[in-house]
Structure formats: C-alpha cells, structure tokens
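Each chain, written out:
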Amino acid sequence: MRPITYIEVDLDAIAHNVRAIKTHVGLDVMLIAVVKANAYGHGAVEVARTALRHGASRLAVARAAEGIHLRQAGITAPILVMNYTLPGEIEAACAHDLMLTVADRASVETVSALTGRLGRRLPVHVKIDTGMGRFGLLPDEALPFVEHTAGLPGVWIEGLYTHFAVADLADKDYTRHQFRVFEAVRAQLAAANHAIPVCHVANSAAALDLPEMHLDAVRAGIAIYGLRPSTEVDPAVPLRPALALKSHVARVRTLPAGASISYGRTYITPHAMPVALIPVGYGDGYHRLLSNRGAVLINGQRAPIVGRVCMDQFVVDVSGAGPVALGDEVVLIGSQGEARITADEVAAWAETINYEVTTGLLPRAPRVYLGADA
C-alpha cells in the first residue's frame, strides 16, 4: 500500500542512464557516479548500488558523512569526498577508507599522521581551481603542494581534478579555457616526475558534450538521474527521468464565487469552482514559489494550483480534470496517462533548476523503489 504522498524512483531508469553514459564515454574511461545530497534526492544507497551494478566503478559524495553512510550500508567501491573535510572528520573518513580531496597542507598532514597511526596508506585527490572560484588550489600552488604531499608517509596522490563552471552552456569557450589551464598543470606536474594516474574534469555536461575532456574518468551526476544539465545541453545519449512525486486527493468540494483560498488570500474564486486538496507542501520540499503558478496531474489532466502552497497542503482547480474523487492519484512530477510534468517544468515555475527540485525533496515523503534492482 502506497503512502498518501511519496517519491517513486525507477531504478531501471537509473540503470539505463548509467549504461548509456558508460557506453558513450567508452570502456577505457571510468564512470564515477555522483550520489551526493542523497543522490540528488533519489536515495543514495539504492542509487549507488544500481549505478555500480550497471557500469559505474566509483562513487563521489560531497561530505565525509555521506561516504560513511554508504560504507555502513555495505558499499565497498571507491568513494571520493569532493569537498573540504574538517580535521575532526578525517579520522572517521580514513577509518572508512574514503578518498579525500585535499587542497591545503594542514589537511593532508592530518591524513598522513592518521594513516601512520592506522598502519595504512590512503589515496587522496588534489583539486585545482581552474576558474570556478570555490574549493581547490590555484594553478601556481599545485606543484609545491604536490611535492610536499609526495614527501609525506601514509598518503599518495591518486587523482587530480577540477570542476567546470559553465560546461552546461552552449558556449564552451570558458570550459575550454578551464581545460587548458588544467592540462597545463598536469603537464607541469608530469615534467617534475609527478604523473598522476586518475585525472578527471568532466561533469555530466562535459561527459555528454565534450569527449576530448573525458580523460581517465568522468563524474556523472544529474545525467544518471535522467535529467539534462541545462536546456542548452542536448544529451548525446537517451536519458530516462527516474523520479516521480505522487500523492492523493485529500478533499473535493465546490467553492462559491468570491471564496478565498489559503494563506494571504492570494486567490479569490471568480465563480463557483470545484477544487481538490493535495496533501503536499514545502514541508516535503515542494516549493512555495509554485503558489498560483504550478500544476498537477489528476485523471491525466492538468489542475492548476490556486492560492499559496502551505507546509503540508495546497489547493488545485479541478474544473478541467473531469470527475475527481477522494483518494484519486495526483502526480506532481512524472507521468499520468499521456500527460507529463517534468522536473524542468517545475523548476521553471519555481524560478530554479531541476537539480534543486529533486534534491530539495525532503525525507518526509518516503522513497518507493521500482525495477529489477529494487
């Protein structure tokens, strides 16, 4: 029996997307599945297992705690932590065999000291800031940092990488600039006898659009969930969206003309209107910005949101949805019959991006998994 509101995740779609991306990048390029932020809202453990079964050989997360969660679920594949790790978190990360990204001497010295105590030698990845302006070493800092790290016991540099700022735009000039900067750093390191075996720069957009940037590995995030990195990237492979957000009608009635709906009285019925109550709100991660502009599917027809989205519920106009009954299925993201509401469309209504739409879905709406890997 389904809950009143839930998130449906099609693991067959995840498997399809991973296989398609892996085929696109080729056998010689490792596929790193990015499962940070609870796999962009899809469920990190389930998505990780599916991705690893169907072509990914590694995983990437943002925080050490996310990697530890995967280890505690029994996942043994290499896991890269891509963001800064606090000194107090490094011991737990090392104990769980996570690969840390390092970009400062204090962090890598802490890793070295801990691995010595644990009797282990762990790989790390060095991040180069080629023009994103966030985490990572500036290009001229790379060689002295790598030389310092190479002299430390218990740690070795397995990977070198960067992150692109605008690979999801049609204009690839800045992305190519970033790539040239990265390649110059890599060449400088190699000339100083620091050849690094796993170099990776390509996010989903670059993995799909820029094969010359695949290098040793690509980091696929949004694409493995079947979503486009942006409207300017036309995927080179067929992608299948994996997530649907569903609920059920919680009340049906007809309001008279002049009735106000929800907080703030932002919608007043212009005439007698049949409406349905939908038990979903920003407490589930459904944006308040969808007030008076979003829509849902009922009976395969669009029902527009009227009034404000509340923490737990909102109201839709069902004038065009045919007979609507208590308990009828409601689709907020996904398909119903021939009709479909995509995460991209919801993002446009909410003035954001599809990444935020799925990642923002909160744990109160349980995930229900479908497919052979469920």
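Q: Any chance you could break down the overall build of the protein chain for me, citing the residues and the numbers?
A: Helix and strand content of the protein chain: 11 helices and 20 strands. Taken over the C-alpha atoms alone, the protein chain extends approximately 80 × 45 × 40 Å along its principal axes. Expressed as a percentage of its 374 residues, the buried residues of the protein chain come to 53%. Accessible surface for the protein chain amounts to roughly 15600 Å². Of this, 54% is attributable to carbon and sulfur atoms. Mean positive and mean negative side-chain charge positions of the protein chain (33 and 36 charges, respectively) differ by 5 Å.

Q: Now, about the packing of aromatic side chains: what can you tell me, with residues and values included?
A: On inspection of all chains with the given rule, the structure shows 4 aromatic pairs. Look at Tyr286 and Phe314: their rings are 5.3 Å apart centre to centre, the planes differ by 15°, and that puts the pair in the stacked class. With a gap of 28 residues between them, Tyr286 in the loop between strand S14 (273-278) and strand S15 (295-298) and Phe314 in strand S17 (residues 314-317) connect regions that are remote in the sequence. In this structure Tyr286 comes out as buried when scored by relative accessible area, which is 3%. Given a relative accessible area of 2%, Phe314 falls into the buried group. Every member of this aromatic cluster is reached through a ring pair, and the members are Tyr40, Tyr225 and Tyr355.

Q: So what's going on with unusual backbone geometry? Which residues, and what values?
A: For residues other than glycine, phi is negative in most cases, and the peptide bonds are mostly trans. Backbone geometry at Ser262 places phi at a positive 70°, although glycine is not the residue there. Structurally, Ser262 can be placed in the loop between strand S12 (260-261) and strand S13 (267-268).

Q: Can you tell me about the environment of Arg49, naming the residues and giving the values?
A: Along the chain, Arg49 falls in helix H3 (residues 44-53). Arg49 sits 199 residues away from His248 along the chain, and the two C-alpha atoms are 30 Å apart. If sequence neighbours within four positions are ignored, Arg49 has contacts with Ala73 and Ile75.

Q: Can you lay out the pattern of salt bridges for me, pointing to particular residues and giving the numbers?
A: Taken as a whole, this structure holds 13 salt bridges when the rule is applied. Across the pair Arg53 and Asp373 runs a salt bridge whose closest N-O atoms are separated by 3.2 Å. Of this pair, Arg53 sits in helix H3 while Asp373 sits in the segment after strand S20 (367-370), placing them 320 residues apart in sequence. For Asp373, a relative accessible area of 18% corresponds to the buried category. Each of Glu8, Lys246 and Glu329 takes part in salt bridges that share partners, so that together they form one network.

Q: Go over the layout of surface pockets with me, naming the residues and quoting the values.
A: If you roll a probe as big as a water molecule over the atoms, it shows you where there is empty space left. Its boundaries defined by the atoms lining it, the largest pocket holds a volume of some 570 Å³. Lining the largest pocket are 26 residues, and of these Lys36, Tyr40, His163, Asn203 and Tyr355 lie nearest its centre. Counting only elements with at least two residues in the lining of the largest pocket, the list comes to helix H2 (36-40) and helix H9 (204-209). A breakdown of the residues in the lining of the largest pocket according to their chemical character gives 16 nonpolar, 5 polar and 5 charged. Computed from the structure, the second largest pocket encloses a volume of approximately 190 Å³. In this structure, the second largest pocket is lined by Arg251, Arg253, Leu255, Ala259, Ser260, Ile261, Ser262, Val275, Ala276, Leu277 and Val315. Elements represented by at least two residues in the lining of the second largest pocket include exactly strand S11 (251-255), S12 and S14. When its residues are assigned to classes, the lining of the second largest pocket shows 7 nonpolar, 2 polar and 2 charged.

Definitions and limits used
- Residues numbered from 1 in each chain as written.
- Predicted model: local features only at pLDDT ≥ 70, side-chain atom pairs only at ≥ 80, totals over all residues.
- Heavy atoms only, no water.
- Helix = DSSP H or I, 4+ residues; strand = E, 2+ residues; numbered from the N terminus.
- Buried < 20%, exposed > 50% of the residue type's maximum accessible area, 1.4 Å probe, protein only.
- Areas by Shrake-Rupley, 256 points an atom, 1.4 Å probe, with all protein chains shown as cover.
- Lys, Arg positive; Asp, Glu negative; His and termini not counted.
- Charge placed at Lys NZ, Arg CZ, Asp CG, Glu CD.
- Phe/Tyr/Trp six-rings, centres within 6.5 Å; stacked < 30°, edge-to-face > 60°.
- Contact = heavy atoms within 4.5 Å.
- Salt bridge = Lys/Arg side-chain N within 4 Å of Asp/Glu carboxyl O.
- 1 Å grid on protein atoms, 1.4 Å probe; cavity = no way out; pocket = protein on both sides within 12 Å on 5 of 7 lines; lining within 4 Å.
- Points joined across faces, edges and corners; volume = space filled by probe spheres on them.
- Nonpolar A, V, L, I, M, F, W, Y, C, P; charged D, E, K, R; others polar.

Note that all results are geometric; they support no functional claim without further evidence.
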